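Residue-level listing of the chains:
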Amino acid sequence: MVAVWLVHVGQKLLLWGALSAVSLACATLILSFLQMMASYAYNWLQMRPIPTIPGAYPFLGHLLMLERGGKEIHEASWESVTKIQKMFLAEEIPVNF
């Protein structure tokens, strides 16, 4: 009779242990997500007052305002790449590995 009672109690303890482990993992994930969101919101509020012209794109900046056509943008970016490549080949820029 005692063995049946221990099995029943042991199963409940195992269930409660698993449930608490899952709850702890979820709480940790939620708190880390909230910490990341708070950090992002703080950085966003710090960066918001920086003035800029609307229409800037990542990596392109205001290039589209200067040159509207796709051909000109491609040519300008290709000229920059070849210029940097020539500087590396001429060893004007020291490369440290």
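Residues numbered from 1 in each chain as written. Predicted model: local features only at pLDDT ≥ 70, side-chain atom pairs only at ≥ 80, totals over all residues. Heavy atoms only, no water.

## Notes on the overall build of the protein
The helix and strand tally for the protein stands at three helices and zero strands. Per-residue burial for the protein yields a buried fraction of 1% across its 97 residues. Within the structure as shown, the protein displays about 9,300 Å² of accessible surface, and the carbon and sulfur contribution to it stands at 72%. (Helix = DSSP H or I, 4+ residues; strand = E, 2+ residues; numbered from the N terminus. Buried < 20%, exposed > 50% of the residue type's maximum accessible area, 1.4 Å probe, protein only. Areas by Shrake-Rupley, 256 points an atom, 1.4 Å probe, with all protein chains shown as cover.)

## Focus on a nonpolar patch on the surface
Together, I30, L31, F33, L34, M36, M37, Y40, W44 and L45 make up an exposed nonpolar region whose accessible area comes to about 1,000 Å². Mapped onto the elements of the fold, L34 is located in helix α1 (residues 2-47). The exposure class assigned to L34 is partly exposed, which follows from its relative accessible area of 47%. (Patch = residues over 30% accessible without salt bridge, like charges linked within 9 Å, V, L, I, M, F, W, Y side chains within 5 Å. Salt bridge = Lys/Arg side-chain N within 4 Å of Asp/Glu carboxyl O.)

## Section: the confidence of the model for the protein
Averaged over every residue, the pLDDT of the protein is 77; the share at 70 or more is 64%. Per-element averaging of pLDDT across the protein places helix α2 (residues 63-66) at the bottom with 60 and α1 at the top with 87. (pLDDT = per-residue confidence, 0-100.)

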